[in-house]
Amino acid sequence: MEGVRPGGGPPAGGPGSGSASGSGSFPSLFPPGLHGIYGECRRLYPDQPNPLQVTAILKYWLGGPDPLDYVSMYRNLGNPALNVPEHWHYVSFGLSDLYGDNRVHEFTGTDGPSGFGFELTFRLKRETGESAPPTWPAELMQGLARYVFQSENTFCSGDHVSWHSPLDNSESRIQHMLLTEDPQMQPVQTPFGVVTFLQIVGVCTEELHAAQQWNGQGILELLRTVPVAGGPWLITDMRRGETIFEIDPHLQQERVDKGIETDGSNLSGVSAKCAWDDLSRPPEDDEDSRSICIGTQPRRLSGKDTEQIRETLRRGLEINSKPVLPPINAQRQNGLNLDRAPSRKDSLESESSAAIIPHELIRTRQLESVHLKFNQESGALIPLCLRGRLLHGRHFTYKSITGDTAITFVSTGVEGAFATEEHPYAAHGPWLQILLTEEFVERMLEDLEDLNSPEEFKLPKEYSWPEKKLKVSILPDAVFDSPLH
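Residues numbered from 1 in each chain as written. Predicted model: local features only at pLDDT ≥ 70, side-chain atom pairs only at ≥ 80, totals over all residues. Heavy atoms only, no water.

1. Section: the overall build of the protein
Phase 1: Scanning the protein from N- to C-terminus turns up 13 helices and 21 strands.
Phase 2: Buried residues in the protein amount to 52% of all 485 residues.
Phase 3: At a minimum sequence separation of 6, the contacts of the protein that also span at least 24 residues come to 68%.
Phase 4: As displayed, the protein has an accessible area near 21500 Å², and 50% of this comes from carbon and sulfur atoms. (Helix = DSSP H or I, 4+ residues; strand = E, 2+ residues; numbered from the N terminus. Buried < 20%, exposed > 50% of the residue type's maximum accessible area, 1.4 Å probe, protein only. Contact = heavy atoms within 4.5 Å. Areas by Shrake-Rupley, 256 points an atom, 1.4 Å probe, with all protein chains shown as cover.)

Structural data, given as structure tokens:
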């Protein structure tokens with residue numbers, strides 16, 4: 001439950017008076033991490049010392065459901081010279097370490113990121129006659145924050161979020177999000193580390209698909225060139241009824257299609273409804289790839305496997321001349337999660353975490369024949385995986401949202417994979433890797449052409465390459481929702 005009030009609490013009133021600081025006489029009221037973010041807000045809005053705020057009534061660290069302590073809402077007059085309209089500017093407090101006393105984030109030093117290393121912002125076009133900011137963006141930000149806290153997956157500029165619903169629960173075409181650096185807010189050094197500001201940008205479905213097929217940064221640049229679609233400060237207009245490709249049809253062919261051909265896709269993986277079967281052994285075999293047991297407990301992804309998949313997804317966002325999958329036995333890699341508190345991760349493990357088989361006991365197995373299963377939404381991304389990733393020497397991972405299954409497609413240019421040209425199908429526990437040659441990828445793209453128009457075929461749909469001992473099925477969602485699957 002949240003409440004709206006003038007900003008007279010910790011993030012607003014006190015620091016504005018100049019009498020309190022991180023080491024002042026009211027440390028419990030004005031924590032240094034919160035004070036640092038508020039100082040950046042005061043730099044931008046010196047005439048709004050007490051903005052309206054949406055505040056979590058029961059704080060997350062007291063057992064409440066909302067990770068963000070506050071969301072401040074400012075009125076921004078825009079910049080007429082740059083054709084930037086007046087808008088509402090929302091700033092979150094809580095993804096970074098506000099308190100420094102381990103109540104939410106474990107303090108790991110001043111040199112690295114504070115908490116998750118960022119706060120969220122959002123710019124919403126102000127409607128004519130609107131005297132107060134709508135509060136729905138605060139709940140949107142809380143939803144994204146819950147995802148970050150629960151998954152430990154941090155956001156970066158250029159990331160996209162598939163939301164599949166109007167952001168304001170209306171009938172708007174703005175149903176997904178991209179993330180970028182806030183154009184006005186600068187990184188803040190706090191006593192608990194560095195905080196950057198990532199801005200949410202609302203986009204249409206067609207723009208999300210273009211970002212998936214190419215990359216988020218490229219689509220953000222296009223949005224900046226179209227004033228009604230965001231303009232230079234990427235302001236979200238929930239009333240926008242046209243995509244940038246409808247506004248300027250040349251953008252698709254001249255920018256996006258050419259970008260995909262030249263750069264490939266920066267989308268390295270997705271959470272999906274997916275599964276795989278080892279067809280080279282009987283289904284009743286107790287050592288099936290997804291059901292090997294010790295005693296009565298099913299196998300689950302080990303901690304190191306989980307971390308490798310996460311690192312695979314993070315590294316895939318980069319365009320490397322020689323893509324590399326992190327080695328299975330590697331320790332945590334450099335990056336935002338390097339110093340993440342293990343206590344938070346442990347608290348989010350499955351209740352069956354004690355049943356996880358030790359990593360060193362799980363052997364890598366070569367498989368003769370495999371059957372891949374995807375729901376329609378995940379299957380529609382296979383051409384992107386093949387054309388935008390593998391043909392550019394990269395990798396792509398599907399991580400099941402309903403279990404521990406993971407499927408990674410790799411090309412011959414990816415180092416560190418346990419699938420090889422000699423043994424193209426290999427499994428490490430419930431994680432399957434499939435190595436596809438360029439020649440086979442080209443053939444699969446031809447055979448999977450109808451996946452580009454999924455509305456034109458009926459489910460289930462099956463594709464098979466007998467000589468490669470590979471089968472792919474596109475199945476209804478209900479198949480993956482069944483507890484027996």
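There is more to say after this.
2. A few points about the sheet that holds strand 21 (residues 470-475)
Phase 1: The strand order across the open sheet built from four strands is 11-15-21-20, with neighbouring strands paired in mixed fashion. Of all the strands in the sheet, just strand 11 (274-278) and strand 20 (461-465) have a single pairing partner and so form its edges. Taking each pair of neighbouring strands and ignoring which way they run, the sheet shows an average axis angle of 15°.
Phase 2: When strand 20 meets strand 21, the two strands line up antiparallel, connected through five bridges. Considered in strand 21, the bridge of Trp465 is made with Leu470. (Pairing = 2+ DSSP bridges. Axes fitted to C-alpha atoms, helices over the stretch in contact; angles between N-to-C directions.)

3. Considering the packing of helix 4 (residues 205-213) against helix 5 (residues 216-225)
Phase 1: Between helix 4 and helix 5, the shortest axis-to-axis distance is 7 Å and the interhelical angle comes to 135°. Accordingly, the angle class assigned to the pair helix 4 and helix 5 is oblique. Between helix 4, through Glu207, Ala210 and Ala211, and helix 5, the contact on the second element is made entirely by Gly216, Ile219 and Leu223.
Phase 2: Broken down by class, the residue content of the contact of helix 4 with helix 5 amounts to four nonpolar, one polar and one charged. (Parallel < 35°, antiparallel > 145°, perpendicular 65-115°, else oblique. Nonpolar A, V, L, I, M, F, W, Y, C, P; charged D, E, K, R; others polar.)

4. As for the nonpolar core
Phase 1: Of all hydrophobic cores here, the largest spans 36 residues; its most connected members are Leu372, Phe374, Leu386, Tyr398, Ile407 and Phe409.
Phase 2: For Leu386, the contacting residues outside a window of four places in its chain are Leu391, Leu436, Val441, Met444, Leu445 and Leu448.
Phase 3: Core analysis: the second largest hydrophobic core is formed by 29 residues, Val54, Phe122, Phe149 and Ile174 among them. (Core = buried A, V, L, I, M, F, W, Y, C linked by side-chain atoms within 4.5 Å.)

5. Remarks on the confidence of the model for the protein
Phase 1: A residue-level look at the protein finds 76% of positions with pLDDT of 70 or above and a mean pLDDT of 82.
Phase 2: A low-confidence stretch, residues 284-299 (pLDDT under 50), is modelled with 29 contacts involving residues beyond four sequence positions or located in other chains.
Phase 3: Predicted confidence for residues 316-322 stays below pLDDT 50, and this span has 12 contacts to residues more than four positions away or in other chains. (pLDDT = per-residue confidence, 0-100.)

6. Section: the pattern of salt bridges
Phase 1: Tallied over the entire structure, the rule returns 20 salt bridges.
Phase 2: The structure contains a network of salt bridges with shared partners spanning Asp66, Glu139 and Arg146. (Salt bridge = Lys/Arg side-chain N within 4 Å of Asp/Glu carboxyl O.)

7. What about unusual backbone geometry?
Phase 1: Backbone torsion omega between Leu459 and Pro460 reads 0°, so that peptide bond is classified as cis.
Phase 2: Checked against the element boundaries, Pro460 lands in the loop between helix 12 (438-447) and strand 20.
Phase 3: Positive phi outside glycine occurs at Leu234, with the angle close to 50°.
Phase 4: With respect to the helices and strands, the residue Leu234 is situated in the loop between helix 5 and helix 6 (244-247).
Phase 5: For Lys469, which is not glycine, the phi torsion reads 55° and is therefore positive.
Phase 6: Here Lys469 shows up in the loop between strand 20 and strand 21.

8. Some words on the packing of helix 11 (residues 382-389) against helix 12
Phase 1: For the pair helix 11 and helix 12, interaxial distance at closest approach is 10 Å and the crossing angle is 145°. Helix 12 is crossed by helix 11, and the crossing has left-handed handedness. Side by side, helix 11 and helix 12 meet where Pro383, Leu386 and Arg387 of the first sit next to Val441, Met444 and Leu445 of the second.
Phase 2: Among the residues forming the contact of helix 11 with helix 12, the class breakdown is five nonpolar, no polar and one charged. (Left-handed = near helix turned anticlockwise from the far one by under 90°.)

9. Thoughts on the packing of aromatic side chains
Phase 1: For the structure shown, the criterion picks out 15 aromatic pairs.
Phase 2: Consider the rings of Phe116 and Phe149, whose centres lie 5.0 Å apart with planes at 75°: the pair is edge-to-face. Note that Phe116 is positioned in strand 5 (residues 113-125) and Phe149 in helix 3 (residues 136-151), a separation of 33 residues in sequence.
Phase 3: Accessibility expressed as a relative area gives 0% for Phe116, which makes it buried. (Phe/Tyr/Trp six-rings, centres within 6.5 Å; stacked < 30°, edge-to-face > 60°.)

10. Side note on the side chain of Asp278
Phase 1: Position of Asp278 among the secondary structure elements: in strand 11.
Phase 2: The exposure class of Asp278 is buried, given its relative accessible area of 4%.
Phase 3: There is a polar contact of 2.3 Å between the side chain of Asp278 and the side chain of Ser280. (Polar contact = N/O pair within 3.5 Å; in protein donor to acceptor, adjacent residues only side chain to side chain.)

11. Re a negative patch on the surface
Phase 1: Residues Glu438, Glu442, Glu446 and Glu449 make up a contiguous surface patch of negative charge.
Phase 2: On the secondary structure map, Glu438 appears in helix 12. (Patch = residues over 30% accessible without salt bridge, like charges linked within 9 Å, V, L, I, M, F, W, Y side chains within 5 Å. Lys, Arg positive; Asp, Glu negative; His and termini not counted. Charge placed at Lys NZ, Arg CZ, Asp CG, Glu CD.)

12. Points about helix 5
In an α-helix there are 3.6 residues to a turn, and that puts residues three or four apart on one side.
Phase 1: Where helix 5 is concerned, the buried positions are Gly216, Gly218, Ile219, Leu220, Leu222 and Leu223.
Phase 2: On the buried face of helix 5, the contacting elements are strand 7 (176-181), strand 9 (193-203), helix 4, helix 6 and helix 7 (250-263).
Phase 3: With a side-chain oxygen positioned 3.3 Å from the backbone nitrogen of Gln217, the residue opening helix 5 is Asn215.

13. A look at the sheet that holds strand 18 (residues 425-428)
Phase 1: Ordered by their spatial adjacency, six strands build an open sheet running 10-16-17-19-18-14, and the pairing between neighbours is mixed. Taken across any chain shown, the strands that pair with only one partner, and hence form the sheet edges, are strand 10 (269-272) and strand 14 (364-366). Going across the sheet, the axis of each strand differs from the next one's by a mean of 20°, ignoring polarity.
Phase 2: In the sheet, strand 14 pairs with strand 18 via three bridges, with the strands oriented antiparallel. Directly across from Gln366, in strand 18, lies its bridge partner Ala426.

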